[in-house]
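Overview (structure and organization)
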Amino acid sequence: MKRTINKVAVLGSGIMGSRIACHFANIGTEVLLLDIAPKELSEEEKARGLAIDNPKVKNRIVETALQTAVKTNPSPVYSKKVLSRIKTGNFDDDMALIEKCDWVIEVVVENLDIKKKVFEQVERFRKPGTLITSNTSGIPIHLMTEGRSEDFKAHFCGTHFFNPPRYLRLLEIIPTQFTRPDVVDFLMHYGDKFLGKTTVRCKDTPAFIANRVGVYSIMALLHLVEKLDLTVEEVDKFTGPALGRPKSATFRTSDVVGVDTMIKVAKGLYDNCPEDKARELFKLPDFVQKMEANNWLGDKTGQGFYKKVKGESGKSEILALDLKTLDYKPSQKVKSATLEQTKPVENLRERMKIFAGAKDKAGELFRHSSFGLFEYVSDRIPEISDELYRIDDAMRAGFGWELGPFELWDAVGLKAAVEGMKQYGHTPAAWVQEMIAQGHESFYRIEGGRKQFYDVGSRSYQPVPGTDEFVILDNLRDSKTVWKNSGVSVIDLGDGILNVEFHTKMNTIGGDVIQGINKAIDLAEKDFRGVVIGNDGANFSAGANVGMIFMMAVEQEWDELNLAIRMFQNTSMRLRYSAIPVVVAPHNLTLGGGCEFSMHADHVQLSAETYMGLVEFGVGVIPGGGGTKEFALRASDELKDDQIAQNTLKERFLTIGMAKVSTSGEEAFELGYLQKGKYSITMNRSRLLADAKAKAIELAEAGYTKPVQRTDIRVLGKQGLGIVYAGANSMFAGNYISEHDKKISEKLGYVMCGGDLSSPTEVSEQYLLDLEREAFLSLAGERKSLERIQSIITKGKPLRN
């Protein structure tokens, strides 16, 4: 049957329910958010003389929960505007409204009896054929179907979102024996394409996939701490970004999620997995039991493995728990030869080989934890999943690991790891030994540009399902690169489209990236029909290479710096004024020059999670790659009369002057970085490059023609400058900005107003670019600007004379 989701009911407005509701609102869906009605009045309600049946009283729980969610940081919504899509209510008065909903999601407390009572109410009102799912993280899904109708059972399954739902990409889909296959297929597709999730089909086993493996990994580390004489700080340093894991690593993650949550899942696994060889690891170490008894449960109770206090100077100080004495001590910096050795190694898989061979504590922890993990995940097939790639998908999307367990195993080396496992008392599952005996050397391989996994059931390699709809540069780079230099690879995506991939540190933009973009456009104008600029890195681009700018300015190489900025501007302009369509595909950090490239593209196909902004003001200069010019141009296009012109100019000026960065792709439009009709949002980051490629093809097939540079940009001249200078002087006089900030503000205003023209005048893009470049160069030579740039490069070290 054809199924569309126009309206969703979320039953339960706690931490998960309210945030799930927000995320559905993010994607444009109407949401009905319901919760229980209070049984008694609050003191405030008594003082106001309200009755228990007053609608404001009956909706107090749900309203408070939603408002609390919206105030959290990071925000669960892309924009406050989406909140208008959420209607709140209570179970007593509003459950009948679910009749008009296409999907009902239960998110009440983790108590089977309570969930069953909610489902009884749902049965009374839901329309047959509509979806009904539970967000449980641990209760067996099949138990919830007891006593339910055949239609309910056929359309029911588990949908386990991870917290926070907006940011963590995992959505586990857990069908029962009664769930219709088309329902499972729909949820897998909808979660992927519309909710932006990595959807992983799970078996109805304890803790499903991600928590089963993730909590095992954490518990194994807890038991290793004493054995290897490790501190909290050491474990977090050794299991964080250096290992391709989140910065919060192990113990900080436990504090954020809640130590009690970890304890609850661990106890559940111990009780419900009697056949698990690693069952004893789910027993709590003594120090965790004492933390539980002391109510040291992490951020929610103010202390866990870490504790934030005010020092003698009044500044906040982070204390770490001494696991031997259970005293809190000042957090210590961790030094490690392995960390120093891996620091310059960008390739994560190469870093894993260094860890595997390291002789210090970091190496020992890596081998103990990884070899145990390898045994554990190999034993979980086919218990929790028939296919190994699902386990990797779940750990990447749910726990933020860059490499899933089997991908990590491949990075260490399949055979080498098995030999190491023997030395550390671990044995892989029999199917791994059989795989090696067959002559296979890895769990994954690339064939014909597609990723394949070793399928245990068939004892053969099979394509990873669904990836044919994605553009994965790792699968294409070796065979489809048509040109490259030290900072860029130009890759043939097929169908006449080239992709420009940055691979500098933080994907910063320097001479090599500028060269690569121009080369790609040269190639495309000759033999292809479009260009995409995008990558699979952690961030699209952190902006221009400020180190290069700093060195030129310090050495007073003004001609070279002038040429570099001119090349940057010319490249931005070429993105817009070439003979082929250029689509930029930003995601995550898209700052400075990355933002300027986006502003000049024919189309921006951006991830929903894009944090875009012109942040040059913070380093003492103005946007110099065409960004300042572009804001002046856009302000001109929005003008109707001089009064509106002044208001528009002020808004654009403040966006740059306050270095505003969007908190989502949608907010990037609200801040003016994107133009209506010239951007599209991709919910699932994995689909971004495929969507960008499709847009480039669409533009080419629509008969793309090279645009003509603008010469009709209306600027205000002295009329606007007066407003800018008066505002800057007022802020300076009030001690809100420094003298140098005042100077930057005046330079920014000078460019955006088109200089000191005597009256509003129409000017060209090149005229504004010349003013922009001149202002940038004059500011780059200022000592205060150099100090700001230097502080970024050296992380606060002073500028030497």
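Our subject in this report is the structure included herewith. These figures come from a predicted structure and were not determined experimentally. (Residues numbered from 1 in each chain as written. Predicted model: local features only at pLDDT ≥ 70, side-chain atom pairs only at ≥ 80, totals over all residues. Heavy atoms only, no water.)

Overview of the sheet that holds strand 6 (residues 156-161)
Pairing is mixed across the open sheet formed by eight strands, whose spatial order is 3-2-1-4-5-6-7-8. The open sheet has two edge strands with one neighbour each: strand 3 (86-90) and strand 8 (198-201). Sheet twist, expressed as the average angle between the axes of neighbouring strands with direction ignored, equals 25°. Bridge count for strand 4 (residues 103-106) against strand 5 (residues 131-134) is four bridges, and the pairing is parallel. Bridge assignment links glutamate 106 to a residue of strand 5, and that residue is serine 134. (Pairing = 2+ DSSP bridges. Helix = DSSP H or I, 4+ residues; strand = E, 2+ residues; numbered from the N terminus. Axes fitted to C-alpha atoms, helices over the stretch in contact; angles between N-to-C directions.)

Overview of the packing of helix 22 (residues 511-527) against helix 24 (residues 558-576)
As a packed pair, helix 22 and helix 24 sit with axes 10 Å apart at the nearest point and diverge in direction by 35°. Two packed elements cross with a definite hand, and for helix 22 against helix 24 that hand is left-handed. Facing helix 22, whose interface residues are Ile514, Ile517, Asn518, Ile521, Asp522 and Glu525, helix 24 presents Met567, Phe568, Thr571, Arg574 and Leu575. In terms of residue class, the contact of helix 22 with helix 24 is made up of six nonpolar, two polar and three charged. (Left-handed = near helix turned anticlockwise from the far one by under 90°. Contact = heavy atoms within 4.5 Å. Nonpolar A, V, L, I, M, F, W, Y, C, P; charged D, E, K, R; others polar.)

Focus: a negative patch on the surface
Taken together, Glu555, Glu557, Asp559 and Glu560 make up a surface patch of like negative charges. Structurally, the position occupied by glutamate 555 is in the loop between helix 23 (546-554) and helix 24. Residue classification places glutamate 555 among the partly exposed positions, given a relative accessible area of 49%. (Patch = residues over 30% accessible without salt bridge, like charges linked within 9 Å, V, L, I, M, F, W, Y side chains within 5 Å. Areas by Shrake-Rupley, 256 points an atom, 1.4 Å probe, with all protein chains shown as cover. Salt bridge = Lys/Arg side-chain N within 4 Å of Asp/Glu carboxyl O. Lys, Arg positive; Asp, Glu negative; His and termini not counted. Charge placed at Lys NZ, Arg CZ, Asp CG, Glu CD. Buried < 20%, exposed > 50% of the residue type's maximum accessible area, 1.4 Å probe, protein only.)

Some words on the sheet that holds strand 21 (residues 603-607)
Strand order across the open sheet formed by seven strands is 15-16-17-18-19-21-23, with mixed pairing between neighbours. The outermost strands of the open sheet, each flanked by one partner alone, are strand 15 (481-484) and strand 23 (679-682). With strand direction ignored, the average angle separating the axes of adjacent strands in the sheet is 20°. With six bridges connecting them, strand 16 (residues 488-494) and strand 17 (residues 497-502) associate as antiparallel partners. Residue pairing across strands places aspartate 492 opposite leucine 498, the latter belonging to strand 17. Packed onto the sheet, helix 22 meets strand 15, strand 16, strand 17, strand 18 (530-533) and strand 19 (582-584) and runs at close to 175° relative to strand 17. Together, strand 16, strand 17, strand 18, strand 19, strand 21 and strand 23 form the strand contacts of helix 29 (residues 688-701), whose direction differs from that of strand 21 by roughly 165°.

Some thoughts on the environment of proline 581
Here proline 581 lies in the loop between helix 24 and strand 19. Here the alpha-carbon distance between proline 581 and phenylalanine 732, two residues 151 residues apart in the chain, equals 45 Å. When residues no more than four places from it in sequence are discounted, the contact partners of proline 581 are Arg529, Gly530, Val531, Asp602, Ala696, Leu699, Ala700 and Tyr704.

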